[in-house]
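# Descriptive analysis of the structure
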Protein chains: 4
Amino acid sequence: MIHEEYFKQLAQYWSQEMPFNKLLGLEVTQFNSQESTVSIMWHDQLIGNPEQRILHGGVTASALDLAGGVVAAANILSQLPELSPQIISQSLSRLSTIDLRTDFIRPGRGEKFIATAKIIRSGSKVAVARMEMHNEKGVHIAFGTGTYMVG
Amino acid sequence: MIHEEYFKQLAQYWSQEMPFNKLLGLEVTQFNSQESTVSIMWHDQLIGNPEQRILHGGVTASALDLAGGVVAAANILSQLPELSPQIISQSLSRLSTIDLRTDFIRPGRGEKFIATAKIIRSGSKVAVARMEMHNEKGVHIAFGTGTYMVG
Amino acid sequence: MIHEEYFKQLAQYWSQEMPFNKLLGLEVTQFNSQESTVSIMWHDQLIGNPEQRILHGGVTASALDLAGGVVAAANILSQLPELSPQIISQSLSRLSTIDLRTDFIRPGRGEKFIATAKIIRSGSKVAVARMEMHNEKGVHIAFGTGTYMVG
Amino acid sequence: MIHEEYFKQLAQYWSQEMPFNKLLGLEVTQFNSQESTVSIMWHDQLIGNPEQRILHGGVTASALDLAGGVVAAANILSQLPELSPQIISQSLSRLSTIDLRTDFIRPGRGEKFIATAKIIRSGSKVAVARMEMHNEKGVHIAFGTGTYMVG
């Protein structure tokens, strides 16, 4: 089990200390070994198409990739007999995205976007997660699937 | 055929007037109906993993998506009997990414990253492009495939 | 609305008159405009790996593609004001798979395999479906996402 | 290096002793640590759409998956210091497809179909290959990308 305290530190690390996540405003709001949630507030620099004022596809892909990576990390950490800052650091250094599919279902309009991820394959070397993104009204904007190296 | 002058304007539009591309520094450097090139210079805000100082996967996905979208746009424009600012604007308003697969092959290290796209399916409604990204030394960092709505 | 009678004819057409579906034993068991179900019984000719006696990945991909195609077809038919054998035939002649992602989660072991599909993007030109495959014990074997040309 | 003799045995194993490959007529014709070629002759049982007489998408996916799996296997075998039937058998028992993307570019018409694969990621745990399928006239019918567990 991941200790409550490590949870908070990791969520803060992903949101505050990863420069690109910070640039975009991606915030890890919740995660456990099976699910994760990432949110991002609309701001004008995230616009892809200025005439239609919709989210750039790269923002959507970034949010889905982060949500998937977070649950893949939590999943592998939850399989370890014990945790320490060093063990967590070592484990996360092996984490990387192998591939990511993003399905853009509807134009990215809204004030806030919430990406959620669920583990569908849990392994010691490779994990796979399925993701969804919706806006603050519950309108689905994107779906995705990510394959992650975890060991 | 896309007139040389429209080329320059479109490349400038994608690089300078799309807020997210500008935020990241994505620059459309070349394109025709079959191929496109997008480049991005390294800067610290693009870092995904601060300890390893490598590109965030979302940056890679954004660059590949832009390269694919540009060649899909050029491909559909090249099928039109004539072009005008209005016709181009109408045609681009119908352009959107349906889905995107990104394969992260090697850590994103380098000073400059170049994404190239080639059309593999050319249609009046849907186009498909295959993409690659390498750094200034020619090291391959990512591959991708994008499906685009064009009509 | 798709008339009950057309339902039965279409399910029979897909299962009995498409040679490759018949060769594999793929059977369309249920579908409406939002969901579909396809089933296939284990038989030894479907083995990919003879030592492990598991389903060939191509069988899994075929089942997921059929389930997605069926729900994409039903979705577009349900948007038509009226149906006739000729209208159905015309509509289905425009149906084709644009791309398909298959995630192989666990070894394909079991006596019966059930693939289900749900529409996640419903359009007049392109539809997208998410699929799952499990065996008779409810064990998940694969997931998938398919993009279909429908108009 | 994979000994010439093992080459022939493996190609024969994949073509003749894997029931589903045999059912379809998939033949491994060439491979080394970087590339592979698989061919399949047209026959009526491979038809997906009887009115249009085109290849079922599942056949295409099966051919691409086999081509990718073969080059992933050859790539990992070529990294071993020495080979024996037992070592090869152990190594192949760890081989499985993690995920596969298939892009269907043109209707599958022709007398013979040739699928080729190239390694784009070579690792001790995971390999990634890009595939293409064309007919005997060189017309491209499909593209694909596969991620394989190899260790």
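If you're wondering where the values come from, they're calculated on a predicted model, not measured in any experiment. (Residues numbered from 1 in each chain as written. Chains lettered and ligands numbered in written order. Predicted model: local features only at pLDDT ≥ 70, side-chain atom pairs only at ≥ 80, totals over all residues. Heavy atoms only, no water.)

## Remarks on the interface of chain C and chain A
Note the cut-off: Residue contacts follow a heavy-atom distance rule, with two residues in contact if any of their heavy atoms lie within 4.5 Å. Values labelled buried area give the accessible surface lost by two parts on being combined, using a 1.4 Å probe and summing over both. Salt bridges are counted wherever a side-chain nitrogen of Lys or Arg sits within 4 Å of a carboxyl oxygen of Asp or Glu. Only runs of H or I of at least four residues qualify as helices and only runs of E of at least two qualify as strands under DSSP, and these elements are numbered from the N terminus. Just so you know the grouping, Ala, Val, Leu, Ile, Met, Phe, Trp, Tyr, Cys and Pro go in nonpolar, Asp, Glu, Lys and Arg go in charged, and all remaining residues, Gly too, go in polar.
In this assembly, 16 residues from chain C lie in contact with 16 residues from chain A. The junction of chain C with chain A conceals about 1,300 Å² of combined surface from both sides, 46% of it contributed by carbon and sulfur atoms. Along the contact surface separating chain C from chain A lie two salt bridges. In this structure, A:Asp99 engages C:Arg101 in a salt bridge whose closest nitrogen and oxygen atoms are separated by 3.0 Å. Mapped by element, the contributors of at least two residues to the side of chain C that touches chain A are strand E5 (96–104), strand E6 (112–121), strand E7 (126–135) and strand E8 (140–149) of chain C. Take the side of chain C that touches chain A: its biggest share by element is five residues, from E5(C). The residue makeup of the side of chain C that touches chain A, split by class, is seven nonpolar, three polar and six charged.

## Digging into the pairing of strand E7 (residues 126–135) of chain B
Side-chain positions along a regular strand alternate between the two faces of the sheet. Residue and element names in this part refer to chain B. Note the following rule: Relative accessibility decides the category of a residue: with a 1.4 Å probe and only protein chains considered, values under 20% of the type maximum give buried, values over 50% give exposed, and everything between is partly exposed. For two strands to be treated as a pair, DSSP must find no fewer than two bridges joining them.
Among the ten residues that make up E7, eight are buried, leaving the element largely enclosed by the rest of the structure. Two strands pair when backbone bridges link them, and strand E6 (residues 112–121) and E7 are joined in this way by eight bridges, in the antiparallel orientation. Of the residues in E7, the one forming a bridge with Phe-113 is Asn-135. If you look at the hairpin formed by E6 and E7, you'll find four residues sitting between the two strands. Counted between consecutive antiparallel strands, the loop separating E7 from strand E8 (residues 140–149) contains four residues, among which Gly-138 sits at a positive phi close to 85°.

## Remarks on the relation of the copies chain C and chain A
Cut-off, in case you're wondering: Residues reaching a pLDDT of at least 70 in both copies supply the C-alpha atoms on which the copies are superposed by least squares.
Mapping chain C onto chain A leaves a residual RMSD of 0.0 Å; the transformation is a rotation of 180° accompanied by 0.0 Å of translation along its axis. What the superposition gives is, in effect, a two-fold axis relating one chain to the other. A high fraction, 100%, of the interface residues of chain C reappear at the interface in chain A, so the copies pair face to face through one surface.

## Quick notes on helix H4 (residues 85–93) of chain A
Residue and element names in this part refer to chain A. Operational definition: Directions pointing from the helix axis toward each C-beta atom define the arc.
All of the buried residues along H4 are Ile-88, Ser-91 and Leu-92. For H4, the angular spread of buried residues about the axis comes to 95°, placing them on one side. Of the surrounding secondary structure, the elements contacted by the buried residues of H4 are helix H1 (4–17) and helix H3 (57–78).

## Here's the deal with the environment of A:Gly144
For A:Gly144, the position within the fold is in strand E8 (residues 140–149). Once the C-alpha coordinates of A:Gly144 and A:Asp44 are considered, the two residues, 100 residues apart in sequence, prove to be 24 Å apart.

## Focus on helix H3 (residues 57–78) of chain B
Just so we agree on the cut-off: Each helix should span, by expectation, one fewer than its residue count multiplied by 1.5 Å.
Along its 22 residues, H3(B) runs 32 Å from first to last C-alpha, staying within 8% of the 32 Å computed at 1.5 Å per residue. Of all 22 residues that make up H3(B), 21 are buried, and the element is covered over most of its length.

## Let's talk about the pattern of salt bridges
Considering all chains together, one arrives at 20 salt bridges over all chains under this definition. When the shortest N-O distance is used, the salt bridge between B:Glu35 and B:Lys118 registers 3.9 Å. Taken as a pair, B:Glu35 in strand E2 (residues 35–41) and B:Lys118 in strand E6 lie far apart in primary sequence, 83 residues in all. The class of B:Glu35 is partly exposed, set by a relative accessible area of 34%. Linked by salt bridges that have partners in common, A:Asp99, B:Arg101, B:Asp103, C:Arg101, C:Asp103 and D:Asp99 make up one network.

## Some words on the side chain of B:Arg121
Filter applied, for reference: Under the counting rule used here, the positive set is Lys and Arg, the negative set is Asp and Glu, and His together with the chain ends is not counted. Each polar contact in these results corresponds to two N or O atoms within 3.5 Å; when the atoms are within protein, one needs to be able to donate a hydrogen and the other to accept it, and residues that are neighboring in sequence are counted only if both atoms are side-chain atoms.
Summarising the element assignment, B:Arg121 is placed in strand E6. Among buried charged residues, B:Arg121 stands out as having no salt bridge; its nearest opposite-charge side chain is D:Asp103, 7.6 Å away. A polar contact is formed between the side chain of B:Arg121 and the backbone oxygen of D:Phe104, at a distance of 2.8 Å. If we skip the residues at most four places from it in the chain, B:Arg121 touches B:Val126, B:Ala127, B:Val128, C:Ile98, C:Met149, D:Phe104 and D:Ile105.

## Things to note about unusual backbone geometry
One can expect most non-glycine residues to show negative phi and most peptide bonds to be in trans. Residue and element names in this part refer to chain A. Positive phi values are uncommon outside glycine, yet Arg-53 reaches one of about 50°. Position of Arg-53 among the secondary structure elements: in the loop between strand E3 (47–49) and strand E4 (54–55). Overall, the relative accessible area of 41% leaves Arg-53 in the partly exposed class.

## What to know about the UniProt feature "domain: Thioesterase" (unreviewed entry) in chain A
Heads up, the condition is: UniProt positions are given in the numbering used here, feature names are shortened, and annotations may be inferred rather than shown by experiment.
Cross-referencing UniProt, the feature "domain: Thioesterase" (unreviewed entry) maps to residues 54–139 of chain A in the present numbering. With 36% helix and 36% strand, the stretch residues 54–139 of chain A has end C-alpha atoms that lie 14 Å from each other.

## Notes on the side chain of A:Asn135
All names here are of chain A. In this fold, Asn-135 is placed in strand E7 (residues 126–135). By relative accessible area, which is 6% here, Asn-135 ends up buried. At 2.9 Å, the side chain of Asn-135 and the backbone nitrogen of Lys-137 are in polar contact.

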